[in-house]
Amino acid sequence: MMGINKNYSFLHLRRLILGLVLLTALISCGSKVEPAPEKDSKSDEQEEVYRKYNIERGKRLVELGGCSQCHTPKIKTPLGYKPDKDRFLSGFPQDQELPDLPYAEIVAGETEKTFYTTDATVWVGRWGISFASNLTPDPETGIGNWNEDEFINIFRQKRHFGQDSQISSPMPLNAYSQLGFFELRSIFVYLQTIPPVSNDVPTRIPPENELFEGENI
């Protein structure tokens, strides 16, 4: 009887030890695997919340800044000209002709300081002819391939979109340049979410162009 009891106790002890080893292994594996996904999930969630916040703030700033007034082509309706929702912030239409204006007189300063078309996507003044840029995320004709720094530097350095020289144009860069870094970032983040529109806007025509030497076009 004593031998049987000893064998039973030994087997029972061995099973207990094996059970503890397995339990320890499971706990150890659990402590290594579980926390990582939970941390990543929480980080991703916070990042998405911050992204949505930037998009909403950027949208509001674009609305308050009146960007669509110049950068969105208009369509003529019985109630007047209204923004074309299908070409939102796509800039001066590439297939639109220049307005018939006394260009030579404008550059010479003999007329009013500024002329612009009905839809305000093109402006003419002593600086030449400025065209509203394509602000959609189209990679070829818009700002789809731009990065955040390139966008912000346009306002910080007060430079025209896509050009290296300092400008003098109707775009109120002096006012927009007062926006903070995070506000400009929000605008950029928002602009990357709007529908891309393929529209190749012409570059600015300087006052030295032969267009300003003749009579009305």
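Residues numbered from 1 in each chain as written. Predicted model: local features only at pLDDT ≥ 70, side-chain atom pairs only at ≥ 80, totals over all residues. Heavy atoms only, no water.

Draft legend 1. The arrangement of the overall build of the chain in detail. Assigned secondary structure in the chain consists of seven helices and five strands. Secondary structure of the chain in N-to-C order comes out as α-α-α-β-β-α-β-β-β-α-α-α. Here the chain, with 217 residues, has 34% of them falling under the buried criterion. For the chain, contacts bridging at least 24 residues in sequence account for 61% of all contacts bridging at least 6. Accessible area for the chain stands at about 14500 Å²; split by element, carbon and sulfur atoms hold 55% of it. (Helix = DSSP H or I, 4+ residues; strand = E, 2+ residues; numbered from the N terminus. Buried < 20%, exposed > 50% of the residue type's maximum accessible area, 1.4 Å probe, protein only. Contact = heavy atoms within 4.5 Å. Areas by Shrake-Rupley, 256 points an atom, 1.4 Å probe, with all protein chains shown as cover.)

Draft legend 2. Quick peek at unusual backbone geometry. Unusually for a residue other than glycine, Leu89 sits at a positive phi of about 60°. With respect to the element layout, Leu89 can be found in the loop between strand E2 (80-83) and helix H4 (103-108). One non-glycine residue, Ala120, lies in the positive phi region at around 65°. Looking at the secondary structure, you find Ala120 in the loop between strand E3 (114-116) and strand E4 (122-125). Accessibility expressed as a relative area gives 11% for Ala120, which makes it buried.

Draft legend 3. The packing of aromatic side chains, seen in detail. What the rule picks out here adds up to six aromatic pairs. Taking the centre distance of 4.9 Å and the plane angle of 55° together, the rings of Phe92 and Phe131 count as tilted. Here Phe92, found in the loop between E2 and H4, pairs with Phe131, found in strand E5 (residues 128-131); they are 39 residues apart in sequence, far enough to count as distant. When the ring of Phe181 is compared with that of Phe182, the centres are 5.3 Å apart and the planes differ by 85°; the resulting orientation is edge-to-face. Assessed through its relative accessible area of 47%, Phe182 is described here as partly exposed. (Phe/Tyr/Trp six-rings, centres within 6.5 Å; stacked < 30°, edge-to-face > 60°.)

Draft legend 4. Structural detail: the nonpolar core. Core analysis: the biggest nonpolar cluster contains 19 residues, and Val62, Leu89, Phe151, Phe155, Ile187, Tyr190 and Leu191 have the highest contact counts within it. Elements that contribute at least two residues to this core include exactly helix H2 (35-64), helix H5 (148-156), helix H6 (173-176) and helix H7 (181-191). Among the elements that make up this core, the one with the highest residue count is H7 (five residues). Ranked by size, the runner-up nonpolar core spans 13 residues in total, among them Phe92, Leu101, Tyr103 and Leu211. (Core = buried A, V, L, I, M, F, W, Y, C linked by side-chain atoms within 4.5 Å.)

Draft legend 5. Up close: a nonpolar patch on the surface. Among the surface-exposed residues, Tyr50, Tyr53, Phe181 and Phe182 lie close enough to one another that they form a single nonpolar patch of about 410 Å² accessible area. Among the elements of the structure, H2 and H7 are those that each provide at least two residues to the nonpolar patch. The residue Tyr50 is located in helix H2 in this model. Classification of Tyr50 by relative accessible area gives partly exposed; the value is 38%. (Patch = residues over 30% accessible without salt bridge, like charges linked within 9 Å, V, L, I, M, F, W, Y side chains within 5 Å. Salt bridge = Lys/Arg side-chain N within 4 Å of Asp/Glu carboxyl O.)

Draft legend 6. Here's a closer look at the pairing of E2. Where strand E1 (residues 74-77) and E2 come together, four bridges link them in antiparallel fashion. From the neighbouring strand, Ile75 faces E2, where its bridge partner is Lys82. Two successive antiparallel strands, E1 and E2, enclose a turn made up of two residues. (Pairing = 2+ DSSP bridges.)

Draft legend 7. Layout of H5. Buried within H5 are the following residues: Phe151, Ile152, Ile154 and Phe155. Summarising the axial view, the buried residues of H5 lie within an arc of 145°, below the 170-degree limit, and thus occupy one face. On the buried face of H5, the contacting elements are H6 and H7. You can read the cap of H5 off the contacts: a side-chain oxygen lies 3.1 Å from the backbone nitrogen of Asp149, and it is on Asn147. (Arc of directions from axis to C-beta. Polar contact = N/O pair within 3.5 Å; in protein donor to acceptor, adjacent residues only side chain to side chain.)

Draft legend 8. Examining the confidence of the model for the chain more closely. Of all residues in the chain, 72% attain a pLDDT of 70 or more, and the chain-wide mean is 80. Considering each helix and strand of the chain separately, the mean pLDDT is smallest for helix H1 (residues 2-33), with a value of 54, and largest for H7, with 96. Confidence drops under a pLDDT of 50 for residues 1-8, and excluding neighbours within four residues, the segment shows zero contacts in the predicted structure. (pLDDT = per-residue confidence, 0-100.)

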